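# Tertiary structure, described
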Amino acid sequence: MALPPILQNLRIPAFGAPLFIIQHPELVIAQCKAGIVGCFPALNAREAEGEPPLRDAWLTLIKEELDRHNQANPDNPAAPYAVNQIVHRSNARLQRDMEICVKHEVPIYVTSLGAREEIYQAAHSYGGICLHDIINNDFAKKAISKGADGLVAVAAGAGGHAGSTSPFALIQEIREWFDGPLLCSGSIATGDGVLAAEAMGADLAYIGTAFIATEEANAHPEYKQMLVDCTSKDIIYSSLFTGVWGNYLKPSIARAGMDPENLPESDPTKMDFSSGSSKPKSWKEIWGSGQGINAIKEITSTAAMVDRLESEYLAARARLGLSTVRAAAE
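Because the structure is a prediction, the values reported are computed rather than measured. (Residues numbered from 1 in each chain as written. Predicted model: local features only at pLDDT ≥ 70, side-chain atom pairs only at ≥ 80, totals over all residues. Heavy atoms only, no water.)

## Observations regarding the environment of Tyr248
- Looking at the element boundaries, Tyr248 is found in strand β11 (residues 246-249).
- Remark: the alpha-carbon pair of Tyr248 and Ala156, spanning 92 residues in sequence, is separated by 13 Å. (Helix = DSSP H or I, 4+ residues; strand = E, 2+ residues; numbered from the N terminus.)

This is how it looks when you write it as structure tokens:
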């Protein structure tokens, strides 16, 4: 099955994963201008009670900036943008956030922590598409049965909330029954990784952590530098901080006064998005990271990051004797 038109013709087959707190319009716009999909979590756009919805302003800004770019660069248009919706039952903002997104006709949604038919129907009402985060094959089947258009396979090694299944196994299992849009997440921080995701059977690579170490990311400078300084040995898989298993940087845990090697477990009932986030301090002080961080050698611009990914991707294709130009049929 061919990818929907909106996901075709990207500079490289890559999608910028939504980064809680970190992903603001500046990073989304930079990713889209660089030629890959940029996506922000709706919950990142917070506002004080009684103020106009900030996400309304964010969507307006993103659309206007990308439109200006496209008018100035008709031969090099920006990639589409996406919005991540946390559909967990405790997210009291979901309905209002979706109303705003539908008004703006957001082209792509990434839904997480629950499959909801009404969300997919709202997107489909004007031609939008929905991709759903999953960590196993059972969740994948449930999402597609409820109307999701595609899947994001969040495998072992992904940053933040992540599954425990190898991407080789997870992609294989899904491809046995699903031929629609499939994204692969987990330790992808190089162009070689992007090509590997395609070789496994995914359509696009889902890249998050690498973009935290960019100038446009809304992350603490110490967080960015920690990504440069650390490797996969500095990451631990824990359920303590949000009730969902995820990968976190050990130095940030130690700095918060805890022993990263002796953390208790939590459970999913601890999740609470009613105030717009799941334990905000967990993400502000306890920093998530995928296992592919050894590829992060410096803090750079998003444009430079995508340049590197493209160069590595094309070099990897050349090593395998593949054309440096991706055919439309691929």
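## Describing the confidence of the model for the protein chain
- Put simply, the protein chain has an average pLDDT of 91, and 90% of its residues get 70 or more.
- Segment residues 276-280 is flagged for pLDDT under 50; beyond a separation of four residues in sequence, or across chains, it makes 15 contacts in the model. (pLDDT = per-residue confidence, 0-100. Contact = heavy atoms within 4.5 Å.)

## Thoughts on the sheet that holds strand β10 (residues 235-238)
- With antiparallel pairing, the three strands of this open sheet are ordered in space as β7-β11-β10. Bordering the open sheet on either side are β7 (160-161) and β10, each of which pairs with just one other strand.
- Bridge analysis of β10 against β11 gives four bridges, and the strand direction is antiparallel. From the neighbouring strand, Ile236 faces β11, where its bridge partner is Tyr248. (Pairing = 2+ DSSP bridges.)

## Digging into the sheet that holds strand β9 (residues 204-207)
- The sheet built from eight strands is open, its strands ordered β1-β9-β8-β6-β5-β4-β3-β2 with parallel pairing. Since the sheet does not close on itself, it has two edges, and those belong to β1 (14-16) and β2 (38-41), each with one partner. Averaged over all adjacent pairs, the angle separating strand axes in this sheet is 25°, with direction ignored.
- Pairing of strand β6 (residues 150-154) with strand β8 (residues 182-185), which is carried by four bridges, proceeds in the parallel orientation. Each bridged residue has a counterpart across the sheet, and for Val154 the counterpart in β8 is Ser185.
- Across the sheet, helix α1 (residues 25-34) touches β1, β2 and β3 (81-86), and the angle it forms with β2 is around 160°.
- Sitting on the sheet, helix α5 (residues 137-145) is in contact with β5 (129-134) and β6, with an inclination near 160° to β6. (Axes fitted to C-alpha atoms, helices over the stretch in contact; angles between N-to-C directions.)

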